[in-house]
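Here's the letter readout for the chains.
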Protein chains: 2
Amino acid sequence: MRIPNHIGIIPDGNRRWALKQGMSKEKGYDKGLNPGLEVFKICKEIGIKEITYYGFTVDNTKRPSVQTKAFTKACIDAVNMLSKEDASLLVVGNTNSPMFPKELIPYTKRRDFGKGGIKVNFLVNYGWNWDLGSLNQNDSIGKNNIIKNLKSRDVSRVDLIIRWGGRRRLSGFLPVQSIYSDFYVVDDYWPDFKAQHIYDALSWYDKQDITLGG
Amino acid sequence: MRIPNHIGIIPDGNRRWALKQGMSKEKGYDKGLNPGLEVFKICKEIGIKEITYYGFTVDNTKRPSVQTKAFTKACIDAVNMLSKEDASLLVVGNTNSPMFPKELIPYTKRRDFGKGGIKVNFLVNYGWNWDLGSLNQNDSIGKNNIIKNLKSRDVSRVDLIIRWGGRRRLSGFLPVQSIYSDFYVVDDYWPDFKAQHIYDALSWYDKQDITLGG
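This section reports on the structure supplied with the text. (Residues numbered from 1 in each chain as written. Chains lettered and ligands numbered in written order. Predicted model: local features only at pLDDT ≥ 70, side-chain atom pairs only at ≥ 80, totals over all residues. Heavy atoms only, no water.)

## Details of the relation of the copies chain B and chain A
Overlay of chain B on chain A (RMSD 0.0 Å): rotation 180°, translation along the axis 0.0 Å. Taken together, the rotation and translation relating the two chain copies correspond to the operation of a two-fold axis. When the interface residues of chain B are mapped onto chain A, 100% of them are again interface residues, pointing to one common binding face. (Least-squares fit on C-alpha atoms with pLDDT ≥ 70 in both. Contact = heavy atoms within 4.5 Å.)

## Some details on the sheet that holds strand β4 (residues 111-113) of chain A
All names here are of chain A. With respect to topology, seven strands assemble into an open sheet ordered β4-β3-β5-β2-β1-β6-β7, the strand pairing being mixed. In this open sheet, the two strands that pair with only one neighbour each are β4 and β7 (182-186). Across the sheet, the mean angle from the axis of one strand to that of its neighbour is 25°, orientation sign disregarded. Across the sheet, helix α3 (residues 65-82) lies against β2 (50-57), β3 (87-92) and β5 (119-126), angled at about 160° from β5, the strand it touches most. (Pairing = 2+ DSSP bridges. Helix = DSSP H or I, 4+ residues; strand = E, 2+ residues; numbered from the N terminus. Axes fitted to C-alpha atoms, helices over the stretch in contact; angles between N-to-C directions.)

## Considering the packing of helix α2 (residues 33-46) of chain B against helix α6 (residues 195-207) of chain B
Residues and elements named next belong to chain B. Here α2 crosses α6 at 45°, and the two axes come no closer than 10 Å. With respect to each other, α2 and α6 are oriented oblique. Here α2 and α6 pass one another in a crossing that is right-handed. Where α2 abuts α6, its residues Glu38, Val39, Ile42 and Ile46 lie against Ala195, Ile198, Tyr199 and Leu202. Taken together, the residues that form the contact of α2 with α6 break down as seven nonpolar, no polar and one charged. (Parallel < 35°, antiparallel > 145°, perpendicular 65-115°, else oblique. Left-handed = near helix turned anticlockwise from the far one by under 90°. Nonpolar A, V, L, I, M, F, W, Y, C, P; charged D, E, K, R; others polar.)

## Comments concerning the interface of chain B and chain A
Contact residues are listed per partner, giving 38 residues for chain B and 38 residues for chain A. Between chain B and chain A lies a buried interface of about 3600 Å² when both sides are counted; carbon and sulfur atoms form 52% of it. Where chain B touches chain A, the interface holds four salt bridges. Two residues, Asp182 of chain B and Arg169 of chain A, come together in a salt bridge whose shortest N-O distance is 3.1 Å. (Buried area = accessible area lost by both parts, 1.4 Å probe. Salt bridge = Lys/Arg side-chain N within 4 Å of Asp/Glu carboxyl O.)

## A short note on the side chain of Asn121 of chain B
Residues and elements named next belong to chain B. Assignment of secondary structure puts Asn121 in strand β5 (residues 119-126). On the accessibility criterion, Asn121 (0% relative accessible area) is buried. At 2.7 Å, the side chain of Asn121 and the side chain of Arg110 are in polar contact. (Buried < 20%, exposed > 50% of the residue type's maximum accessible area, 1.4 Å probe, protein only. Polar contact = N/O pair within 3.5 Å; in protein donor to acceptor, adjacent residues only side chain to side chain.)

## Some words on the packing of aromatic side chains
Counting across every chain of the model gives 23 aromatic pairs over all chains. Each member of the aromatic cluster is reached from another via a ring pair, and the members are Tyr54, Tyr126, Trp130 and Phe173 of chain A. In this structure, Arg2 of chain B packs its charged tip against the face of Tyr205 of chain B, placed 4.6 Å from the ring centre. Over the ring of Tyr107 of chain B we find Arg111 of chain B; its NZ or CZ atom is 5.8 Å from the centre of that ring. (Phe/Tyr/Trp six-rings, centres within 6.5 Å; stacked < 30°, edge-to-face > 60°. Lys NZ or Arg CZ within 6 Å of the ring centre and 35° of its normal.)

Here's what the structure looks like:
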């Protein structure tokens, strides 16, 4: 079976899940921590080389303060959990902002934890316009030069994006690295994660014809 | 019913359709002309304000010469057909290239045909890296400034992308304008277009919750 090198994870549906349980919206985020770890373990076991999690974006910080606090805490906890695994971990996002949690500043340079190995990127206070905002320091329009001038330059091209929560949109997730990504949507909300979602996504990916436009 | 302002059209599957008919791959492209016109007429009737067709990309020109000639001719014919309608027409793509058909140079400045009205953009020899290659002439990273510095700046944000041919990827289609687009995939090949595809896509779009990340 052909497996993707790099999987992007968009863990959506936390607030809708909370409402369905009769809880207030912000209570769903911390139910996304165990799914995140499970995804990591499955991917590592299968031999995936890189995972990028969509933590939160500049757009998301428009949400009510109680939600922003909750998803920010969830992202801090998620990164802490991942730092206890064998992984090469990097947090990517706009640190020149009060919305960027200072607890995660130490992670904004890629570092090995444990035995290192699988690359894990976590997007925190990420913004597509922040990411693209430094382009063209260099006159050449070669594709490699564009990636090298992104703020997210240490994140490689994404082969497969899996989005939970049923929405069929990329919501600004790494616009350049997702140019050719195959996009698989799980209708279940992220806190209702099952390992089968990953296996189904990988089976589906195996059937896709990767042409890169050619 | 809530209708999108701007629909992106990715008309894929021409070569697979041709093979299914027992024809050689390049014979499928000109079967995509009538669908393109039908899409235009339906959208105009419904009150859609802008349509962008994915004609061909720089990546596509890696294909064998017989295919490149065929899809280039189909795009020229498509633009000519649209220029006989009431539309505000613009062709967007890298004109500094031998792959850009000189017949379409006159269309690279937006012009009204007939009574004008609905904006129609046609991407020809378009490349995502060409599009992004002039960013940051301006220091500010505001979202509006990024769009203003794109080569495709005269194409507005896309609300709904409809892709025929079953593939679930954007293949470099306007990376910035598609940041928040809802993405609807039709499994049928483009030459097997039916009006019902558009109506189904619009019904689906009506049910989506447009949050722009908030």
